[in-house]
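Letter by letter, the chains look like this.
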Amino acid sequence: MARFGKTFWHVLANVITTAVSLIVVIPVVVLLLNSFKTQGESNSMSLSLPKKWVTENYATVIEQGKLISSFFNGLLYAMCSVMIIVVFVSVAAYVISRNRKGINNFLYYFIISGIAIPINNVALMKVMQMFHLVNSRFGIILLYAAINIPLSLFLSYGFIGTIPREIDEAAVIDGCRPHQLFIRVILPLLKPILSTLFVLNFMAVWNDFTMPLYFLNNSGKWPMTLAVYNFFGAFENAWNLVSADIILTLIPVLIVFILGQKYIVGGISSGSVKG
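In what follows, the accompanying structure is described. None of the values given here were measured: they were computed from a predicted structure.

## Structural notes on the environment of M83
Here's step 1: For M83, the position within the fold is in helix α4 (residues 67-98).
Here's step 2: Expressed as a C-alpha distance, the spacing of M83 and P192, which sit 109 residues apart in the sequence, is 15 Å.

## Topic: the packing of aromatic side chains
Here's step 1: This structure, assessed with the given rule, holds twelve aromatic pairs.
Here's step 2: An angle of 10° between the planes, with centres 5.9 Å apart, marks the rings of F202 and W206 as stacked. Of this pair, F202 and W206 are both found in helix α10 (residues 191-207), four residues apart, which corresponds to roughly one turn of the helix. No difference in accessibility class separates F202 from W206, as the two residues are buried.
Here's step 3: A ring pair is formed by F209 and Y229, whose centres lie 5.2 Å apart and whose planes are at 70°; its orientation type is edge-to-face. Placement of the pair is F209 in the loop between α10 and α11 (210-215) and Y229 in helix α12 (residues 224-234), with a sequence separation of 20 residues.
Here's step 4: You can call F209 partly exposed: its relative accessible area is 28%.
Here's step 5: Judged by relative accessible area, Y229 falls into the exposed class, the value being 53%.
Here's step 6: Through successive ring pairs, a cluster of aromatic residues spans F71, F72, F198, F202 and W206.

Conventions used here
- Residues numbered from 1 in each chain as written.
- Predicted model: local features only at pLDDT ≥ 70, side-chain atom pairs only at ≥ 80, totals over all residues.
- Heavy atoms only, no water.
- Helix = DSSP H or I, 4+ residues; strand = E, 2+ residues; numbered from the N terminus.
- Phe/Tyr/Trp six-rings, centres within 6.5 Å; stacked < 30°, edge-to-face > 60°.
- Buried < 20%, exposed > 50% of the residue type's maximum accessible area, 1.4 Å probe, protein only.

See the structure below:
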């Protein structure tokens, strides 16, 4: 009876997992198939295969949708802001985690309070205008970094807390200076959490729509999310082109997610082996 119950719950879990996967995958498959259809055939947005595979849809989208410039804009914003987050958060989380008293404790709770505090776009606009960061690539990069640092610090702080202090003490006894201790000993152990932060923040920045809409007035500086929005407004009846546009926008996120999962699993596996 116990064996039957275990098998039942195993099958039920697999069924639920499959159903959830289909809910996520089917819309992507619909978009992919319709991106190769003619305009009239794509209006039904069905799962049927194209009668004629129209690859020119992607060329049309890239040419008329300004996807090349918006792709590099989005990549610039995502990569630069994520690198700022990863570098500053990893260092700050280590220092605060190893010395939780006084000003460090205050700074930690002050920064992570940003997780719960909603963004006031009116006040934020005033601040951005004061520092001449509106309609600036540098400004939007700093804005993304500031928005995502609180949660990143919270996650990194908890992860570093699981690393034994004896490792620090052994490295110091062996003659490591503070910066050598962090770079050579601690940083390799942070591979899983840094990979996680990279994936989460890259996806958050790449998929964001509101911040560029508010703070970037020049369409030449728009990321792909705004380019897709603008393209949809111009070609709202051409679902084949809209589908191709969305598929091209999804590709970088899927690549980063797959590579990130590889590094996360690899980092956890190597850490467990060392442990």
